[in-house]
Amino acid sequence: MATAIPQRQLFVAGEWRAPALGRRLPVVNPATESPIGEIPAGTAEDVDAAVAAAREALKRNRGRDWARAPGAVRAKYLRAIAAKIIERKSELARLETLDCGKPLDEAAWDMDDVAGCFEYFADLAESLDKRQNAPVSLPMENFKCYLRKEPIGVVGLITPWNYPLLMATWKVAPALAAGCTAVLKPSELASVTCLELADVCKEVGLPSGVLNIVTGLGSEAGAPLSSHPGVDKVAFTGSYETGKKIMASAAPMVKPVSLELGGKSPIVVFDDVDVEKAVEWTLFGCFWTNGQICSATSRLILHKKIAKEFQERMVAWAKNIKVSDPLEEGCRLGPVVSEGQYEKIKQFVSTAKSQGATILTGGVRPKHLEKGFYIEPTIITDVDTSMQIWREEVFGPVLCVKEFSTEEEAIELANDTHYGLAGAVLSGDRERCQRLTEEIDAGIIWVNCSQPCFCQAPWGGNKRSGFGRELGEGGIDNYLSVKQVTEYASDEPWGWLDLGTQLSADWVSNGRSK
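Since the structure is predicted, the reported quantities are computational estimates derived from the model, not experimental observations. (Residues numbered from 1 in each chain as written. Predicted model: local features only at pLDDT ≥ 70, side-chain atom pairs only at ≥ 80, totals over all residues. Heavy atoms only, no water.)

Colleague: Just checking my understanding: could you explain the domain arrangement of the chain for this structure?
Modeller: Many structure descriptions define interface size as the accessible area lost when the parts assemble. When cut into domains, the chain gives domain 1 (10-261 + 465-483) and domain 2 (266-447). Computed from C-alpha coordinates alone, the two centres of domain 1 and domain 2 are separated by 31 Å. Contacts between the two partners involve 25 residues from domain 1, matched on the other side by 29 residues from domain 2. By the criterion of area lost to domain 2, the three top residues of domain 1 are E33, W161 and S465, representing 23% of everything that side buries. Our count for the contact surface shared by domain 1 and domain 2 stands at two salt bridges. Salt-bridge contacts for D105 lead to R332; the nearest nitrogen and oxygen are separated by 3.3 Å. Run the count over domain 1 and domain 2 and you get 11 residue pairs in polar contact (both at pLDDT 80 or more). Put simply, the parts of the chain that give the side of domain 1 that touches domain 2 at least two residues each are helix 3 (89-100) and helix 4 (104-131). In terms of residue count, the dominant contributor to the side of domain 1 that touches domain 2 is helix 3 (five residues). Here the residues of the side of domain 1 that touches domain 2 are counted per class, giving 12 nonpolar, five polar and eight charged. (Domains from an automatic or database assignment. Contact = heavy atoms within 4.5 Å. Buried area = accessible area lost by both parts, 1.4 Å probe. Salt bridge = Lys/Arg side-chain N within 4 Å of Asp/Glu carboxyl O. Polar contact = N/O pair within 3.5 Å; in protein donor to acceptor, adjacent residues only side chain to side chain. Helix = DSSP H or I, 4+ residues; strand = E, 2+ residues; numbered from the N terminus. Nonpolar A, V, L, I, M, F, W, Y, C, P; charged D, E, K, R; others polar.)

Okay, here's the thing in structure tokens:
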């Protein structure tokens, strides 16, 4: 077997460590269906070692080395990581493409975003110092109060395969900026670049145990991490079903969790749009990253007046999308991540057809590609709201279309989902756009576009799309706890025994219970 990826071990306590059971998992290139290497298969024993290393790093020198160090100290490491990511951008992008099938151009953009995210949270780590000891106004002058923001502790970070390194960074960067120590468990379907992040951390001298990385199957490594008594918080991005299991495993310890669980997001297109521009945004919003986007606007809600023209233009555009080996120049749609995902998407298309929907274009393997987990960009019409294709997340290049006549009907269709991660509205009427941003029940709304994402803006959803927000100024707060410090600031005795009834009355009148 020709090896195309570095052969790494687990990363625990700042060192490479063989998995306890010595097992490894194959890495398959989704573009060729050929093995290109292996990753270690960690288990509960490896998770124990990683959590112990993170706990030791958290407490080392009474926390002064990391958790209680000035934010500027942690920022130095985050910026060094960002610089190394840019230095190794071409290599990392190639590895990402080989591992998950993402077009090389998109993988390179992701590496820029990874570096930008580390830089952004480095800035927030420094600003955290200025936010410390914020005073609280109290109604009694003989007391003073201030707030401290402290790292929540050891955090377990479980991340998906569609943006392997970027989704990991969305959690790692703010967790480390806050002063937490972490155990990262990436998806077994795409772990290669996360192990390279470990190599970057070694290069920049990140203190031992601050970040530990355990690869392996979800049942063997992810589950022990989420339920581990030494983990103070779990942050997870992935499926709704797995999110429920993580909540259940955290419940006995009342452990905080934050969850981003995907979606079935709408894109509402009115009849006053520039059709060509709207078609491009619609297809980009669903087919970017091979259609494997948690926020994919995969339910097109299209005004009847322009439906025929719009669909014709979508088909023309879709047929011009270059589907190829993702390393090939100009590729815009590569393979999906695995054979299992490929078969799942084909079943979605087959079920939609059997339920009465029309496959307007796509839904099959491209004729020019005999190997690899490729599926043509797919557009499905004649969709009923009871159909599986309307209700369930496909996580592939599949767009379903439903027509509407009135704004009220469009809003009802947009909200006809258990999910609430994102939504988009395309219209030349600014007031209408504003109304829909307020009416669509989702954590993210895009106006006259789809899928822009900036680390400066909060990210997260409603309903079954989870809770909590990543990124933005509040992204670091996921990994902080607030400590109230109240001081009696008078030289006078408290006088509890002497003041008696009068003291109690004063206490209550100032909003305090006895």
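Colleague: Just to check I follow, could you spell out empty space enclosed by the protein for this structure?
Modeller: Space left empty within the atom packing is revealed by a probe, the size of a water molecule, rolled over the atoms. A full pass over the atoms with the stated rule returns four cavities of 30 Å³ or more. Of the volumes computed, that of the largest cavity is approximately 80 Å³. Lining of the largest cavity is provided by 13 residues; of these, A296, S298, E393, V394 and F395 occupy positions nearest its centre. In terms of residue class, the lining of the largest cavity is made up of six nonpolar, five polar and two charged. (1 Å grid on protein atoms, 1.4 Å probe; cavity = no way out; pocket = protein on both sides within 12 Å on 5 of 7 lines; lining within 4 Å. Points joined across faces, edges and corners; volume = space filled by probe spheres on them.)

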